[in-house]
Amino acid sequence: MLSGSQTPDSSLVEVSLDNRSYRIEIGTDSIGEFCQSILSALGDMSHAMVISDEAVETRWAMPIASSIAKAKTDSGDEVRVNLISIPSGETSKSFEQLDKLWQWMLESSCDRRSVVIAIGGGVIGDLAGFAAATFTRGIRFVQVPTTLLAMVDSSVGGKTGINLPTAKNMVGAFWQPSLVCIDTAILSTLPDRDFRSGLGEVVKYGVIDDAEFFHWLENNASALADRDDDAVRYAVAKSCQSKASVVGEDERETTGRRAILNYGHTFAHAIEATAGYGNVLHGEAVAIGMQMAASLAIELKLCEPDLLDRQTKLLKACGLPTTFAAADPQAMLPVMRRDKKVSHGNLRFVLPERIGSVLLLGDIQESGVINAINACKA
Ligand code: GLY
């Protein structure tokens, strides 16, 4: 039994962006319904180009592809379906993989009524979304995220792109999906550590935007960590609602509003880079990064120490790390100075003032940053 849950309508979230608006449909064991939703939302789709992560091809992408192939559009037409799988891992977010996808799309006679269906985690969503954004100057795409991290963050909001050899996410486009289909049953094949990593981003929404949700998380962390269906669906829907409202206010990250989604991320990117990509998972790095950001906020007297205590307790209850023994400020600082959020050489951070509210602050002294990093060494 979930504590404090009003069993909300956690099945539908709208992202309001004028003529780029779309729906996020959330369910459990809903793949059949989603195929129908895809066909209704994209009424004139003649051709589905399914781009999947190799790890989920057999279990999830093939059944989705064959359901679409068997279904008919509103006008009774059949949909041609092609499927390609991409090796798992961040190294696939590369120009080489993008080029392979463009060639495949060309050979598969992709045209303007073709729709890319991205089935995978953040890597597939970003790569397939960018292929969709660029092929014939842009075709429609649907996100079917298969990791918790992608369900609550990367599949929503239209950031697509690839990495350069020395810079993550450096080339890309804002290209909104036409629909996001989230089936939490897909998480059954996600390893436990990856699931917990996704909870790092979920906790983030409570701190940056929604004190009530943070409180709900405090009461339901163990149900979530145990992957209780209702708890997971509710947490995914609340996270998507927060992200949708922030993106609706600042789609292209120009006003500073969307930047709040990066709470903990400047520290996190530096942790990931200095620990070696893959050694610390993204959501784990975000958890530690949020601890560093909260420590910095306390040092700057922006918030009370109680905020850090509550955040620490919640992250621990979700099975996430809250310290990083190998944190090395001298190695992390140069990475942080290269962060896309740096403005005219000044370090900028998203810092909490209370649970549910954060500020974007520039001109932060390096000494404070070093103290915050050191405060989170085990
Ligand atoms: N993950 C941050 C954003 O979508 O803006």
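Thresholds, definitions, all that
Residues numbered from 1 in each chain as written. Predicted model: local features only at pLDDT ≥ 70, side-chain atom pairs only at ≥ 80, totals over all residues. Heavy atoms only, no water. UniProt positions renumbered as here; feature names shortened; annotations may be inferred. Pairing = 2+ DSSP bridges. Helix = DSSP H or I, 4+ residues; strand = E, 2+ residues; numbered from the N terminus. Axes fitted to C-alpha atoms, helices over the stretch in contact; angles between N-to-C directions. Contact = heavy atoms within 4.5 Å. Near = heavy atom within 4 Å. Polar contact = N/O pair within 3.5 Å; in protein donor to acceptor, adjacent residues only side chain to side chain. Areas by Shrake-Rupley, 256 points an atom, 1.4 Å probe, with all protein chains shown as cover. Phe/Tyr/Trp six-rings, centres within 6.5 Å; stacked < 30°, edge-to-face > 60°. Buried < 20%, exposed > 50% of the residue type's maximum accessible area, 1.4 Å probe, protein only. Lys NZ or Arg CZ within 6 Å of the ring centre and 35° of its normal. pLDDT = per-residue confidence, 0-100. Parallel < 35°, antiparallel > 145°, perpendicular 65-115°, else oblique. Left-handed = near helix turned anticlockwise from the far one by under 90°. Nonpolar A, V, L, I, M, F, W, Y, C, P; charged D, E, K, R; others polar. Salt bridge = Lys/Arg side-chain N within 4 Å of Asp/Glu carboxyl O.

The chain is annotated in an unreviewed UniProt entry as 3-dehydroquinate synthase of Novipirellula aureliae. If you open the UniProt record of the chain and go to Function (unreviewed entry), you find "Catalyzes the conversion of 3-deoxy-D-arabino-heptulosonate 7-phosphate (DAHP) to dehydroquinate (DHQ)." In its Pathway (unreviewed entry) section, UniProt records this for the chain: "Metabolic intermediate biosynthesis; chorismate biosynthesis; chorismate from D-erythrose 4-phosphate and phosphoenolpyruvate: step 2/7."

(A) Looking closely at the sheet that holds strand β2 (residues 22–27). Overall, mixed pairing links the 7 strands, which are arranged β1-β2-β9-β6-β5-β3-β4 in an open sheet. The two strands at the open ends of the sheet, each matched to only one other strand, are β1 (12–15) and β4 (80–86). Recorded for the sheet is a direction-independent mean angle of 15° between the axes of neighbouring strands. Note: strand β5 (residues 114–120) against strand β6 (residues 140–145), 6 bridges, orientation parallel. Bridge pairing in β6 links Val116 to Phe141. In this fold helix α2 (residues 57–70) packs onto β3 (47–53), β4, β5 and β6, with an angle of close to 165° to the strand it touches most, β4. Strand contacts of helix α8 (residues 229–249): β1, β2 and β9 (179–183), with the helix running at about 10° to β1, the strand carrying the most contacts.

(B) Broad picture of the site of the ligand. Contacts to the ligand come from Asp153, Lys159, Lys243, Glu253, Arg258, Leu261 and Asn262. Between Lys159 and the ligand, the recorded distance is 2.9 Å, taken from a side-chain N or O atom to an oxygen atom. Here an oxygen atom of the ligand and a side-chain polar atom of Arg258 are 2.7 Å apart. Calculation on the ligand without its partners gives an accessible area of 200 Å², and the protein chains cover 88% of this total.

(C) Structural context of the packing of aromatic side chains. Applying the stated criterion across every chain, the model contains 5 aromatic pairs. Ring centres of Phe213 and Trp216 lie 6.0 Å apart, and the angle between their planes is 20°; this geometry places the pair in the stacked category. With Phe213 and Trp216 both in helix α7 (residues 211–225) and 3 residues apart, the pair spans about one turn of that helix. Owing to a relative accessible area of 1%, Phe213 belongs among the buried residues under this scheme. The buried category is assigned to Trp216, whose relative accessible area is 4%. On the basis of an interplanar angle of 55° and a centroid distance of 4.5 Å, the ring pair of Trp216 and Tyr234 is categorised as tilted. One end of the pair, Trp216, is in helix α7; the other, Tyr234, is in helix α8, and 18 residues separate them in sequence. For the pair formed by Trp216 and Tyr234, the shared burial category is buried. One aromatic cluster is present, built from ring pairs that chain together Phe213, Trp216 and Tyr234. The ring of Trp60 carries the charged tip of Arg59 above its face, separated from the ring centre by 4.0 Å. One residue, Lys204, lies across the ring of Tyr205, its end atom 4.8 Å from the ring centre.

(D) The side chain of His265, seen in detail. Considering the arrangement of structural elements, one finds His265 in helix α9 (residues 265–275). Given the relative accessible area of 5%, His265 is considered buried. Here Tyr263 takes part through its backbone oxygen, which lies 2.9 Å from a polar atom of the side chain of His265. Each residue touching His265, except ones within four places of it in the same chain, is listed here: Glu201, Lys204, His282 and Val286.

(E) The arrangement of unusual backbone geometry in detail. Despite not being glycine, Thr136 has its phi angle at roughly 45°, a positive value. For Thr136, the location among the structural elements is in the loop between α4 (122–134) and β6. A relative accessible area of 33% means that Thr136 is categorised as partly exposed. Of note in this structure, Glu253 is not a glycine but carries a positive phi near 55°. As for its placement among the helices and strands, Glu253 is situated in the loop between α8 and α9.

(F) Seen up close, the confidence of the model for the chain. Confidence in the prediction for the chain averages 93 pLDDT; 96% of positions are at 70 or higher. The low-confidence segment residues 4–8 (pLDDT under 50) makes 4 contacts with residues lying over four places distant or belonging to another chain.

(G) Up close: the packing of α9 against helix α10 (residues 282–299). At their nearest, the axes of α9 and α10 sit 7 Å apart, and the two run at 130° to each other. With respect to each other, α9 and α10 are oriented oblique. The way α9 lies across α10 gives a crossing that is right-handed. Across the interface between the two elements, His265, Phe267, Ala268, His269, Ile271 and Glu272 from α9 touch His282, Ala285, Val286, Ile288, Gly289, Met292, Ala293 and Leu296 from α10. Of the residues in the contact of α9 with α10, the class split is 9 nonpolar, 4 polar and 1 charged.

(H) Looking closely at the pattern of salt bridges. All told, the structure shown has 19 salt bridges when counted by the stated rule. Two residues, Glu25 and Arg23, come together in a salt bridge whose shortest N-O distance is 2.3 Å. For Arg23, a relative accessible area of 38% corresponds to the partly exposed category. Put simply, Lys93 and Glu90 hold a salt bridge, and the shortest N to O gap is 4.0 Å.

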